[in-house]
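# Chains, contacts and geometry: an overview
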Amino acid sequence: MEFENIVLTKEVPIAIIQLNRPDALNALNHHMMTELAACLDQLDSDRSVNAIIITGNEKAFAAGADIKEMESAGTVEMLERDSFSVWDKMKRIGKPLIAAVNGFALGGGCELAMMCDIIIAGETAKFGQPEINIGVMPGAGGTQRLPRVVGKQKAMEMVLTGAAINAEEALQWGLVNKVVPAEMCLEETKSLARLIASKPPLAVKLAKESILKAFDISLKDGLEFERKNFCMLFSTEDQKEGMRAFIEKRKPQWKGK
């Protein structure tokens with residue numbers, strides 16, 4: 001599949017998706033998001049890929065949504081566009097998603113990073129939800145995912161003032177996992193992706209699914225969901241291999257079965 005606004009590179013067992021609208025600081029238009037969702041869906045079905053990185057360039061991960069696409073739209077038109085269905089498709093990706101962020105991750109860019117499971121930030125990264133400054137509010141998860149990560153008070157501050165925070169603040173607030181020199185951001189992310197990709201794929205998928213479930217259901221229901229996934233893994237070849245290798249003091253050979 002050919003893409004216009006993203007660049008896909010496979011370094012098996014990982015894949016890197018680079019957002020590629022540099023003249024617009026990788027502003028997220030509908031075409032780019034449609035391509036991104038299609039690419040992720042393709043990689044989710046690719047058995048040679050076990051972890052996926054989403055990145056931008058040195059200036060911007062993504063500086064927000066493409067305002068030119070929305071400026072003249074009305075409520076009915078926005079509803080009919082159903083732009084958010086693309087984001088909903090991305091939520092269903094089973095493989096680990098890791099964001100490598102340099103430069104601006106604002107508005108939709110911040111929301112896209114938060115949709116990933118792990119965020120590695122370069123020292124130049126800036127995160128924010130500035131939608132309030134143009135008369136609207138976050139619409140792709142900013143008012144829902146952000147408070148779950150940084151807490152109500154800090155989310156209120158970011159959303160209601162529109163002010164951005166730098167990489168170190170994002171680390172302190174729990175928004176990112178790690179801050180590294182900007183020039184090392186992608187390589188550090190690749191190293192982490194390769195480490196995750198070296199683990200048994202089915203266990204990784206069900207572990208990710210279980211963690212995400214914690215944000216949607218009660219602790220009681222979440223524990224029940226976790227236990228079912230835990231027990232389900234005992235029907236896999238990788239569980240037998242992993243435990244056998246541990247007992248035999250050797251490196252396991254995963255099959256993803």
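What counts and what doesn't
- Residues numbered from 1 in each chain as written.
- Predicted model: local features only at pLDDT ≥ 70, side-chain atom pairs only at ≥ 80, totals over all residues.
- Heavy atoms only, no water.
- Axes fitted to C-alpha atoms, helices over the stretch in contact; angles between N-to-C directions.
- Helix = DSSP H or I, 4+ residues; strand = E, 2+ residues; numbered from the N terminus.
- Parallel < 35°, antiparallel > 145°, perpendicular 65-115°, else oblique.
- Contact = heavy atoms within 4.5 Å.
- Nonpolar A, V, L, I, M, F, W, Y, C, P; charged D, E, K, R; others polar.
- Pairing = 2+ DSSP bridges.
- 1 Å grid on protein atoms, 1.4 Å probe; cavity = no way out; pocket = protein on both sides within 12 Å on 5 of 7 lines; lining within 4 Å.
- Points joined across faces, edges and corners; volume = space filled by probe spheres on them.
- Buried < 20%, exposed > 50% of the residue type's maximum accessible area, 1.4 Å probe, protein only.
- Lys, Arg positive; Asp, Glu negative; His and termini not counted.
- Salt bridge = Lys/Arg side-chain N within 4 Å of Asp/Glu carboxyl O.
- Arc of directions from axis to C-beta.
- Patch = residues over 30% accessible without salt bridge, like charges linked within 9 Å, V, L, I, M, F, W, Y side chains within 5 Å.
- Areas by Shrake-Rupley, 256 points an atom, 1.4 Å probe, with all protein chains shown as cover.

All right, on to the packing of helix α10 (residues 201-213) against helix α11 (residues 219-232) then. Pairs of packed helices are described in terms of their axes, by the angle between the two and the distance that separates them. Relative to each other, α10 and α11 sit at 175°, their axes nearing to 10 Å. Here α10 lies roughly antiparallel to α11, going by the angle between them. Here α10 contributes L206, E209, S210 and K213 to the contact with α11, which in turn contributes F225, E226, N229 and M232. Each residue belonging to the contact of α10 with α11 can be placed in one class, and the counts come to three nonpolar, two polar and three charged.

Spatial strand order, β4-β6-β8-β9: four strands in an open sheet with mixed pairing. Here the strands that pair on one side only, and so sit at the sheet edges, are β4 (60-62) and β9 (165-166). Bridge analysis of strand β6 (residues 104-106) against strand β8 (residues 126-128) gives three bridges, and the strand direction is parallel. Following the sheet pairing, F104 is matched in β8 by K126. The strands that helix α5 (residues 108-115) touches are β4, β6 and β8; relative to β6, the one it contacts most, it runs at about 90°.

By volume, the largest pocket amounts to about 1200 Å³. Contributing to the lining of the largest pocket are 34 residues, with M115, C116, D117, L212 and F215 lying nearest its centre. Only α4 (84-91), β5 (97-101), α5, β7 (118-122), α6 (142-150) and α10 provide two or more residues apiece to the lining of the largest pocket. Of the residues forming the lining of the largest pocket, the biggest block, eight residues, is contributed by α10. When grouped by side-chain class, the residues that make up the lining of the largest pocket number 19 nonpolar, four polar and eleven charged.

This part is about the side chain of K95. Position of K95 relative to the elements: it lies in the loop between α4 and β5. For the buried K95, no salt bridge is present, and the opposite-charge side chain at shortest range is D44, 5.1 Å distant. What K95 contacts, discounting residues up to four positions off in sequence, is L43, D44, S45, D46, R47, V49, N50, I52, D117 and K208.

This brings us to α4. Restricting attention to buried positions, one finds in α4 the residues V86, W87 and M90. For α4, the angular spread of buried residues about the axis comes to 100°, placing them on one side. Check the buried side of α4 and you find it contacts α1 (30-44) and α5.

Time to look at the sheet that holds strand β1 (residues 6-11). Spatially, the six strands line up as an open sheet ordered β1-β2-β3-β5-β7-β10, and their pairing is mixed. Two strands lie at the open edges of the sheet, namely β1 and β10 (178-180), each paired on one side alone. Each strand axis lies, on average, 20° off the axis of its neighbour in the sheet, ignoring direction. Against the sheet, α5 touches β2 (14-19), β3 (51-55), β5 and β7, its axis set at about 140° to β5.

Turning to the pairing of β1, a few remarks are in order. With six bridges joining them, β1 and β2 adopt antiparallel strand pairing. Along β2, the bridge assignment pairs T9 with I16. Here β1 folds back onto β2, and the loop between the two strands holds two residues.

On to a nonpolar patch on the surface, then. Among the surface-exposed residues, I67, M70, I134 and V136 lie close enough to one another that they form a single nonpolar patch of about 330 Å² accessible area. Secondary-structure assignment places I134 in the loop between β8 and α6. By relative accessible area, I134 is classed as exposed at 52%.

What follows deals with the pattern of salt bridges. Enumeration according to the criterion identifies twelve salt bridges in this entry. Here E11 ties to R194 by a salt bridge, and the two come within 3.1 Å at their closest N and O atoms. Remark: R194 occurs in helix α9 (residues 185-197) and E11 occurs in strand β1; sequence separation between them is 183 residues. What makes E11 partly exposed here is its relative accessible area of 26%. Overlapping salt bridges bring together E11, E187, K190 and R194 as one network.

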